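Results of the structural survey
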4 protein chains.
Amino acid sequence: MISFKNDYSEGMHPAILQALAQHNHSQEEGYGLDQFSQTACDLIQKQLQHPSSQVFLLSAGTQTNLVAIASILRPFEACIAASSGHIATHEAGAIEATGHKILTVPTDDGKLTPSMIEPLLIQNSDEHTVSPKLIYISNPTEWGTVYSLDELKRLYSFTNEHDLILYCDGARLGQTLIHPDTPISLSDYARYTDGFFIGGTKNGALLGEALVLNRVTWHQHLRCQLKQRGALLAKGRLLGITFSTFFTNELYEKLARQALERAMQLRDGLLKLDISFRVEPSTNQLFPILPHAVITLLQKDFGFYVWEPATSEESVVRLMTSWASTPEQIASFLASLEKAMQQQPTFLPTLNQF
Amino acid sequence: MISFKNDYSEGMHPAILQALAQHNHSQEEGYGLDQFSQTACDLIQKQLQHPSSQVFLLSAGTQTNLVAIASILRPFEACIAASSGHIATHEAGAIEATGHKILTVPTDDGKLTPSMIEPLLIQNSDEHTVSPKLIYISNPTEWGTVYSLDELKRLYSFTNEHDLILYCDGARLGQTLIHPDTPISLSDYARYTDGFFIGGTKNGALLGEALVLNRVTWHQHLRCQLKQRGALLAKGRLLGITFSTFFTNELYEKLARQALERAMQLRDGLLKLDISFRVEPSTNQLFPILPHAVITLLQKDFGFYVWEPATSEESVVRLMTSWASTPEQIASFLASLEKAMQQQPTFLPTLNQF
Amino acid sequence: MISFKNDYSEGMHPAILQALAQHNHSQEEGYGLDQFSQTACDLIQKQLQHPSSQVFLLSAGTQTNLVAIASILRPFEACIAASSGHIATHEAGAIEATGHKILTVPTDDGKLTPSMIEPLLIQNSDEHTVSPKLIYISNPTEWGTVYSLDELKRLYSFTNEHDLILYCDGARLGQTLIHPDTPISLSDYARYTDGFFIGGTKNGALLGEALVLNRVTWHQHLRCQLKQRGALLAKGRLLGITFSTFFTNELYEKLARQALERAMQLRDGLLKLDISFRVEPSTNQLFPILPHAVITLLQKDFGFYVWEPATSEESVVRLMTSWASTPEQIASFLASLEKAMQQQPTFLPTLNQF
Amino acid sequence: MISFKNDYSEGMHPAILQALAQHNHSQEEGYGLDQFSQTACDLIQKQLQHPSSQVFLLSAGTQTNLVAIASILRPFEACIAASSGHIATHEAGAIEATGHKILTVPTDDGKLTPSMIEPLLIQNSDEHTVSPKLIYISNPTEWGTVYSLDELKRLYSFTNEHDLILYCDGARLGQTLIHPDTPISLSDYARYTDGFFIGGTKNGALLGEALVLNRVTWHQHLRCQLKQRGALLAKGRLLGITFSTFFTNELYEKLARQALERAMQLRDGLLKLDISFRVEPSTNQLFPILPHAVITLLQKDFGFYVWEPATSEESVVRLMTSWASTPEQIASFLASLEKAMQQQPTFLPTLNQF
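Residues numbered from 1 in each chain as written. Chains lettered and ligands numbered in written order. Predicted model: local features only at pLDDT ≥ 70, side-chain atom pairs only at ≥ 80, totals over all residues.

1. Observations regarding the interface of chain D and chain C
The condition that has to hold: Contact between residues is assigned whenever the C-beta positions, reconstructed from backbone atoms, fall within 7 Å. Under the scheme used here, helices are H or I runs from DSSP no shorter than 4 residues and strands are E runs no shorter than 2 residues, and both carry numbers assigned from the N terminus. In this classification, the charged set is Asp, Glu, Lys and Arg, the nonpolar set is Ala, Val, Leu, Ile, Met, Phe, Trp, Tyr, Cys and Pro, and all remaining amino acids, among them Gly, are polar.
At the junction of the two partners, chain D supplies 40 residues and chain C supplies 40 residues. Elements represented by at least two residues in the side of chain D that touches chain C include exactly helix 1 (14-22), helix 3 (61-72), helix 5 (94-97), helix 10 (222-228) and helix 11 (237-246) of chain D. A class-by-class count of the residues in the side of chain D that touches chain C yields 17 nonpolar, 16 polar and 7 charged.

This is the structure we're talking about:
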């Protein structure tokens, strides 16, 4: 069984494992005050080229979102997100559990625009409604689509004008750093968002996300908030070693590029088989539309999610590649798919996952 | 510089590192549904010998306390803790941040008794007060003292009679499993508490705590609570491998015993030098009382916390040993101490840490 | 200026004022333990004919919703509401501020059906999502429409089957008690919901809502929750006197009927003028569609809300009658409207309220 | 039975009742935007003589404390209060339910001094602890003692120096406005606190507290916070009429003076009978120490709280006078007490309330 379910099926990149082993016995200060965390933050800071930014290392994406958002917003302030946004759907109400409402907008491709946000600002403008304050985007989105640098700048200009906060969930941020058409640098994110995070878990770390807050007033008590939300690791060295390895010799970008190369190999193979996509693929998440009979055959040997119905006979599936995916795995999937397409029976099987 | 500041200065025990390396490339289900987490929970479950217990793997102590307590209590219910209790002092208001008050009792040695709890139940018994519900103990306590099995049974019998919940913070639980005078087994904890956790971070893990909930009604949605509080790791394998290694060949107990042996070596050395203690040491935390001048001399070569003033010329310091402490480190500290005692100047230096 | 903005523009019904004056100097126990609160609860309880119901008196609708919902739900549990539901739109994030997500469904008339709820149960069924638990309805809805007794029974049967909770916001419950086509008694609400409240503020009280919880396990600590949320009045007599006056000689129903009679007078007059409605009126809220020019003319002498655009030249307005509305006020409005319809200019004025 | 249990046993002062009746039928804007609320705030504002202050009308003391504190503090910030402070004891964990810890200091008379606060600042100064920010005092305190104007100034100067916030619970503020020895004006409170409230409920209102926030940045969204916490009354006229009546012809001060006069009559009578006090009385709360046998006899005809044990044979009781207490009620109590003192049996009865 080969899994394309997600980009966190394997452990960590060997370089991180090696660094962990190498420094395993050094005595370090606890709770993120170790030398490795310091180095990691310095390496990232250097790329940000933005004096009012500061870096904080956390363990997981939902944790990062909830700590950041709860520390930024006042009690009456709310988030605006695409209705497919991760905080709106798959974080078990983590943001609401800190007391904040999420207002959502339906989108086709997971991307927000100023014109989608504006009506919510008008509808929510007196004391009987929450005050929309933080605009949550993910780049890439949950549909694998990306905001271009221009789109990001336009959003940031809009949020600035309206005294809003632009926050970017970067669980797969690496994909945008190395995007062939519209790469966005860390320095861009520092200048054109108010806060974002650099996802490690889905790019080859055992765990770890680097939160960057671009407003000085938010820095001082963030570590206290980490502690309060259970997010401060006693052995911060794990995070420090992970991110200092990532940002040495551009490993972080290399791993993102590896995942993308496998995704493009997969896309090209799918296109050759005349498969169409729910959204055009440009990162390591692909959403091809497959006949139910084919899906059932593929499920014997491959792991992936059936995402949503497309027609009565077809569904959208999600295929995800990672830094650890091999060309052989992709080739094997494509071969099986081709075979399944030929065998495709005329009856409609019931699917396992709906 | 040798540190006795805490028991989490080093990385992980080599056996855990080796297991991580060995399984690094296997593809696993995410979010704690991997094979290693299953194995770890099964191994622990076997020792609990208690069908209504269930095991959950988390990353850190504060996280474990807040997830467990917030998932157990209803909004009007409160905790009772010793005023030295970790949740009352050093968790940055994590429990209150989930909405629950902590009522505290001053104690001399960090241990609660039924007679300390009873007055709080009487004072807080109508609708103008919170309803005390969860009795929080730590074993060992923050003073390194331990509840004996008899004391634990007496507390549990008291909490049962009063429809209360007994919860034990086991950040250093290993020390009580192998305590020479009054060992308490995991099966005892399953039978004589309503919930507890088996601390990994302070006993040789890179991170990890195994929460055990002994009431069936608390199990069903705990994983959802983990997600909501940002405590569910995408690569749960780290926790699974850690605890399955711990509970194979009794590694967990061995590491606790190693830390205790070093502590007893240290205690014996201190006693030989006629040093007295704030509380009698019986686990890996020691609280000797040292003259300020000696403290200042020792601080040049050794890391440790000055805990609280004892007299105008002496302070209590905290020395902590771990699975990674070596006999040589202890010997070196004792030698330096002996030398410092002889050199001790007559004037009172100002201390760095107060 | 005559206001049809809402049903809480005037003070209290004179009978309540008189009762307040009559008992003003009696010494009473504080915090809802006065004799009047007891009498009020007894009078309501008698009508409920449901032993497992209990009555609690609160001050305001949002307060009642937040106290009830926060006391019922566990942290990981969520509400489902129509997207027009009061808790979802006009309570300033009060439910989220207690930690609970609200999942919403778009509706045409503000009413939920089992088939609208079901997909949300399927989409939110694992530990990465909240657990939908409380179905929030308002009867009448925010669009002035009503659930019939049959619809209520069908919803309750659905929620029971799915282990859900049915909660009814009764800010204007009186309108459903005396509904000409499908009256629902308090006893029906006790049997076919898990909780609901009997709105006083919008039916002639100075303030006050009577919360009824129909499950025994929710009763014990509700008063403590009231205190914790700032909802326990020291002089509960105000609430007690209000509701004991309401439920003596059927005053509560009489006032609802008065408001409805004025609404029907208004509806009939509007129909005579060939005005159409956004939804068919059957309670004291009317949503006629008026030309912008007419609206502007009416705004000189009458207060009402412009609710939403209908066409480029017309908007939906909200007109609300109350126990205190007089036949003369209605007649005056209709006369002005008729005149405005005749005067209606051909150009499109800009509206004040959008 | 005559009650000295508290100062909220009766209804409202007749002048308020009369004003309610007079304006009962005027149509007003909802949610505190009525003309009476505006007038009330203007009248108070005039006395504050402090441009950066703003007034908000709420219903109850706990509600006021929780709305104010939750709106002021950031999530990691905590309160410091005397351990007898109302928020620390008798508000059912209302502050913690909004996520904030209360650090407490034992005091003899309910009053905080800078030297009591300072150690808590030192103990709570890193990211593992909460950040103490808001100093909560009540004036008068829960022991009926008062901070003098000098003491208030000293506290305010201290909190300013340490970047803290001074907040005063004024449930019985009237007693300090008319204190014979050390009167403090509303203008003083505006200048020497950051926030406080003017208690209505315990000074002759049916309900109502006027919150004054003295920092401009806190004003803008306070009404949204009121709504979110369920504290915004649809018919704000009740609060507006109450406070505009209070601050016309100095009624507020007159009622406080009436309560104080009765308290002094009671104190003088008690002193004549050689009764001693737990703390010296100077407001409308008295804490005399009475023999258990006497208490039991008095409980037949008078309502009051037995507060705490004094000796094995005596207890502290709390006697409270109000604007509605009559000279005859006081005289009757004193006569019964004198008689009871003479009859006092030699055996020790069990008390009802402990």
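That covers the picture; the talk isn't over yet.
2. Points about the relation of the copies chain D and chain A
To be explicit about the condition: A least-squares fit on C-alpha atoms brings the copies together, and the residues used are those whose pLDDT is at least 70 in both copies.
Between the two copies, chain D and chain A, the superposition gives an RMSD of 0.0 Å; the rotation angle is 180° and the shift along the axis is 0.0 Å. Here the copies are linked by what is in effect a two-fold axis. It is D:Arg74 whose C-alpha, among those of chain D, lies nearest the rotation axis, at 3.6 Å. Of all interface residues in chain D, 100% are interface residues in chain A too; the two copies therefore contact each other through one and the same surface.

3. Re the pairing of strand 7 (residues 195-199) of chain B
Residues and elements named next belong to chain B. Quick reminder of the rule: Neighbour counting defines burial: a residue surrounded by 20 or more other C-beta atoms within 10 Å of its own C-beta is buried, one with 12 or fewer is exposed, and intermediate counts give partly exposed, using backbone-placed C-beta atoms. Strand pairing is assigned whenever DSSP detects at least two bridges linking the two strands.
Of all 5 residues in strand 7, 5 are buried, a share of seventy percent or more. Every second residue of strand 7 is oriented toward a common face, with Gly 195, Phe 197 and Gly 199 on one face and Phe 196 and Ile 198 on the other, all of them buried. Where strand 6 (residues 165-169) lies against strand 7, 2 bridges are found, and the strand directions are parallel. Within strand 7, the position partnered with Tyr 167 by the bridge is Gly 195. With 5 bridges connecting them, strand 7 and strand 8 (residues 209-213) associate as antiparallel partners. Bridged to Gly 199 within strand 8 is Glu 209.

4. Some words on the relation of the copies chain D and chain C
In the superposition of chain D on chain C (RMSD 0.0 Å, axial shift 0.0 Å), the rotation amounts to 180°. Taken together, the interface assignments show that 100% of the residues at the interface of chain D recur at the interface of chain C, consistent with an identical surface on both copies.

5. Things to note about the sheet that holds strand 8 (residues 209-213) of chain C
Residues and elements named next belong to chain C. Quick note on the threshold: Orientation is described by lines fitted to C-alpha atoms, with helices fitted over the stretch in contact, and by angles between N-to-C directions that extend from 0 to 180 degrees.
Taken in spatial order, the 7 strands line up as 2-8-7-6-5-3-4 in an open sheet, and their pairing is mixed. In this open sheet, the two strands that pair with only one neighbour each are strand 2 (54-58) and strand 4 (102-105). Strand-to-strand twist in this sheet, taken as the mean axis angle between neighbours without regard to direction, amounts to 25°. Here helix 7 (residues 149-161) sits on the sheet and contacts strand 5 (131-138) and strand 6 (165-169); the angle it forms with strand 6, its principal contact strand, is near 145°.

6. Section: the interface of chain D and chain A
Taken together, the 13 residues of chain D in the interface contact 13 residues of chain A. Of all the elements in the fold, those that place two or more residues in the side of chain D that touches chain A are helix 3 and helix 10 of chain D. The biggest single contributor to the side of chain D that touches chain A is helix 10 of chain D, with 5 residues. Tallied by class, residues from the side of chain D that touches chain A come to 4 nonpolar, 6 polar and 3 charged.

7. Regarding the packing of helix 2 (residues 35-48) of chain A against helix 11 (residues 237-246) of chain A
All names here are of chain A. Definition in use: Note on convention: the crossing is left-handed when the near helix lies turned anticlockwise from the far helix by less than a right angle, right-handed when the turn is clockwise.
Closest axis-to-axis distance for the helix 2/helix 11 pair is 7 Å, and the angle between their directions is 35°. Crossing of helix 2 over helix 11 shows left-handed handedness. Of the residues in helix 11, those in contact with Phe 36, Ser 37, Thr 39, Ala 40, Leu 43 and Ile 44 of helix 2 are Arg 237, Leu 239, Gly 240, Ile 241, Phe 243 and Ser 244. Tallied by class, residues from the contact of helix 2 with helix 11 come to 7 nonpolar, 4 polar and 1 charged.

8. Description of the domain arrangement of chain A
All names here are of chain A. Threshold: Each domain's extent was defined by an automatic or database domain assignment.
When cut into domains, chain A gives domain 1 (14-249) and domain 2 (252-343). When each unit is reduced to the centre of its C-alpha atoms, the spacing between domain 1 and domain 2 is 28 Å. Facing the 16 residues of domain 1 at the interface are 15 residues of domain 2.

9. Considering the environment of C:Leu48
Residue and element names in this part refer to chain C. The topology assignment puts Leu 48 in helix 2 (residues 35-48). For the pair formed by Leu 48 and Ser 187, sequence separation is 139 residues and the distance between their alpha carbons is 4.2 Å. Apart from the residues within four sequence positions on either side, Leu 48 is in contact with Ser 53, Leu 186, Ser 187, Ala 190 and Val 212.

10. Let's talk about the sheet that holds strand 3 (residues 77-82) of chain B
Residues and elements named next belong to chain B. An order of 2-8-7-6-5-3-4 is seen for the 7 strands of this open sheet, with the pairing classed as mixed. Each edge of the open sheet carries a strand with a single partner, namely strand 2 (54-58) and strand 4 (102-105). Averaged over neighbouring strand pairs, the angle between their axes works out to 25° when direction is ignored. Sheet analysis places strand 5 (residues 131-138) next to strand 6, joined by 5 bridges and oriented parallel. Looking at strand 6, one finds that Ser 138 is bridged to Asp 169.

11. What about helix 12 (residues 251-272) of chain A?
Residues and elements named next belong to chain A. Heads up, the condition is: An expected span of 1.5 Å times one less than the residue number is assigned to each helix.
Taking 1.5 Å as the rise per residue, helix 12 with 22 residues should run 32 Å; its terminal C-alpha atoms sit 32 Å apart, in good agreement. Listing the buried residues of helix 12 in full gives Tyr 252, Leu 255, Ala 256, Gln 258, Ala 259, Leu 260, Arg 262, Ala 263, Leu 266, Arg 267 and Leu 270. Where the residues of helix 12 are buried, they touch helix 8 (174-177), helix 11, strand 9 (285-286), strand 13 (314-320) and helix 14 (327-343). Directly after helix 12, the chain includes Asp 274, whose backbone phi takes a positive value near 60°.

12. Structural notes on the pairing of strand 8 of chain B
Residues and elements named next belong to chain B. Summarising burial for strand 8: 5 of the 5 residues are buried, a large majority. Neither face of strand 8 is exposed, since Glu 209, Leu 211 and Leu 213 on one face and Ala 210 and Val 212 on the opposite face are all buried. Strand direction decides the pairing type here: strand 2 and strand 8, joined by 5 bridges, are antiparallel. Each bridged residue has a counterpart across the sheet, and for Val 55 the counterpart in strand 8 is Val 212.

13. Comments concerning the environment of D:Glu77
Residue and element names in this part refer to chain D. Following the sequence through the fold, Glu 77 ends up in strand 3 (residues 77-82). On the neighbour-count criterion, Glu 77 (21 C-beta atoms within 10 Å) is buried. For the pair formed by Glu 77 and Gly 99, sequence separation is 22 residues and the distance between their alpha carbons is 9.3 Å. Dropping the residues within four chain positions of it, Glu 77 is found in contact with His 100, Val 130, Ser 131, Lys 133 and Leu 134.

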